[in-house]
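Take a look at the letters that make up each chain.
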Amino acid sequence: MVSFGLSYIGATVGLVLGQLRVALLVYLLGSPVAGAATSLAISTAGTLTGTLRHARDGRVSLWLLATVGVPSALAAFASARWAGSVDARVLKAAIASVLLLTGAGMLRRPPDPAGPSEHVSSRSFAILAEIVVGAVLGAISGLVGLLLGSLRLPAMIRYARVPPPVAIGTNMAIGAVTGLSAGVATFLEGQVDLTAFAVVTPLTLLGANLGARRTGSLDPDHLRRWIAWVLLLSSALMLGELGLELHRGG
């Protein structure tokens, strides 16, 4: 039921919200590696369902899927095979801090639209930035078991000036290709708990489909506020998880 709620809200705002799911699975399965890998597989199944709905409704940019999604998928595949040997706490702390700052910034004011001349003059740099961001986030995704759409989404809205509904659909599509690539690596390494995957996935798929259908009916300003609050909640969840880990470790 938790996964259903997360996937419904996440698909509505173009995020996966795997932070709470991965924490619960780590506790249930007794292994950080198995919990992260299984959560990643479940999240990928949910993003695929949401992506199909967003694509049918015309909210997926093929350009961004190529410039951000492909590098993200390749990097995720490479890094996921090393996830068992890397301490992800520092990465999670950095991600949580970025989410906190970004969510607070999006609540303060919406991004200003870019003029045509600015768009043209900075296009080459923007393409390079999209590729680098996709690769870096993909590599981190494979390590920590999160698709990190909460970092890509505000960047697309604020800096690439992508309309919120299109940014939401495209972000979910990029998460799907990233998760598929990393998921293949985790399956090859035998890290996914198949029982937990089979139990949790069906309601996750239902929530993602229902949430994606709601996106097109929301006002862009409302969507931006939803996204900001989801980012803040994600940050709080990650920081809380890290605090528990440090407390237990101490």
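Reading guide: rules and limits
Numbering of residues starts from 1 in every chain and runs along the sequence as written. Predicted model: local features are reported for residues with pLDDT of at least 70 only, side-chain atom pairs are reported and counted for 80 or more only, and whole-chain, interface and lining totals are derived from all residues. By convention in this description, side-chain values take in all heavy atoms of the structure and omit both hydrogens and water. Counting from the N terminus, the helices are DSSP H or I runs at least four residues long and the strands are E runs at least two residues long. Summary of the burial criterion: residues with accessible area below 20% of their type's maximum are buried, those above 50% are exposed, and those between are partly exposed, where the area comes from a 1.4 Å probe applied to protein chains only. Contacts: residue pairs with any heavy atoms within 4.5 Å of one another. Salt bridges are counted wherever a side-chain nitrogen of Lys or Arg sits within 4 Å of a carboxyl oxygen of Asp or Glu. What pLDDT reports is the predictor's confidence in each residue, on a scale of 0 through 100. UniProt positions are given in the numbering used here, feature names are shortened, and annotations may be inferred rather than shown by experiment. As used here, the term nonpolar core means buried Ala, Val, Leu, Ile, Met, Phe, Trp, Tyr and Cys residues forming a set that is joined through side-chain atoms within 4.5 Å. The span you would expect from a helix comes to 1.5 Å times its residue count less one. Helix axes are fitted to C-alpha atoms over the stretch in contact, other axes to C-alpha atoms as well, and angles between N-to-C directions run from 0 to 180 degrees. Between 65 and 115 degrees an angle is taken as roughly perpendicular, under 35 as roughly parallel, over 145 as roughly antiparallel, and anywhere else as oblique. Take the far helix as the reference: if the near one is turned anticlockwise from it by less than a right angle, the crossing is left-handed, and if turned clockwise, right-handed. For this scheme, ten residues count as nonpolar: Ala, Val, Leu, Ile, Met, Phe, Trp, Tyr, Cys and Pro. Four count as charged, namely Asp, Glu, Lys and Arg, and the remainder, Gly too, count as polar.

**Student:** Would you explain the overall build of the chain in this entry?
**Tutor:** For the chain, the count of helices and strands is eleven helices and zero strands. Secondary structure elements of the chain occur, N-terminal to C-terminal, as α-α-α-α-α-α-α-α-α-α-α. By residue count, 48% of the 250 residues in the chain fall in the buried class. Sequence-distant contacts in the chain: of pairs separated by 6 or more residues, those separated by 24 or more amount to 84%.

**Student:** Can you walk me through the pattern of salt bridges in this structure?
**Tutor:** Note that side chains of opposite charge can pair when their charged atoms are close. All chains considered together, the criterion is met by two salt bridges. D57 is paired through a salt bridge with R53; the nearest N and O atoms lie 3.4 Å apart. Taking the relative accessible area as the measure of exposure, R53 reaches 22% and is therefore partly exposed. Between R59 and D57 there is a salt bridge, with the nearest N and O atoms lying 3.2 Å from each other. By sharing partners, the salt bridges in this structure join R53, D57 and R59 into a single network.

**Student:** Looking at this model, I keep getting lost on the confidence of the model for the chain. Mind explaining?
**Tutor:** Low-pLDDT stretches of the model should not have their predicted coordinates read in fine detail. Of the residues in the chain, 84% have a pLDDT of 70 or more, and the chain-wide mean is 78. The spread of mean pLDDT over the elements of the chain runs between helix α6 (residues 116-121), the lowest at 42, and helix α4 (residues 62-80), the highest at 88. Predicted confidence is poor over residues 111-121, with pLDDT under 50, and the contacts of this stretch with residues over four places away or in other chains come to six contacts.

**Student:** How do you make sense of the UniProt feature "transmembrane region" (unreviewed entry) in the chain when you look at a structure like this?
**Tutor:** Per the UniProt record, "transmembrane region" (unreviewed entry) is annotated on residues 60-78, 127-148, 168-188, 194-211 and 223-244. In residues 168-188, helix accounts for 100% and strand for 0%; the two terminal C-alpha atoms are 30 Å from one another.

**Student:** What's the story with the environment of L246 in this structure? I'm lost.
**Tutor:** Along the chain, L246 turns up in helix α11 (residues 220-249). Judged by relative accessible area, which is 56%, L246 ranks as exposed. The sequence separation of L246 and R89 amounts to 157 residues, and the corresponding C-alpha distance is 9.2 Å.

**Student:** What am I meant to see in the nonpolar core here?
**Tutor:** In summary, soluble globular proteins display a tendency toward joint burial of nonpolar side chains. Counting 26 residues, the largest nonpolar core has M106, L146, L153, M156, I157, A167 and I227 as its most contacted members. Counting only elements with at least two residues in this core, the list comes to α4, α5 (89-108), α7 (123-144), α8 (149-158), α9 (164-188) and α11. Broken down by element, this core gets its largest block of residues, five residues, from α11. L40, L147, A182 and A185 belong to the second-largest nonpolar core, a separate cluster that totals six residues.

**Student:** I'm lost on helix α3 (residues 32-56) in this one. Help?
**Tutor:** For an α-helix the count is 3.6 residues per turn, leaving residues at separations of three or four pointing the same way. Between its first and last C-alpha, α3 extends 36 Å over 25 residues, near the 36 Å set by a 1.5 Å rise per residue. Extensive coverage of α3 is indicated by the burial of 18 of its 25 residues. Positive phi shows up at G58, right after α3, with a value of about 75°.

**Student:** Would you mind showing me how to read the packing of α4 against α9 here?
**Tutor:** Between two packed helices, what matters for the description is the angle formed by their axes and the separation of those axes. With their axes 8 Å apart at the nearest point, α4 and α9 run at an angle of 20° to one another. Viewed along their axes, α4 and α9 adopt a mutual orientation that is roughly parallel. Regarding α4 and α9, the two cross each other, and that crossing is right-handed. Contact residues: α4 offers L64, L65, V68, G69, S72, A73, L74, A76, F77 and A80, while α9 offers T170, A173, I174, V177, T178, S181, A182, V184, A185, T186 and L188. Each residue belonging to the contact of α4 with α9 can be placed in one class, and the counts come to 15 nonpolar, six polar and no charged.

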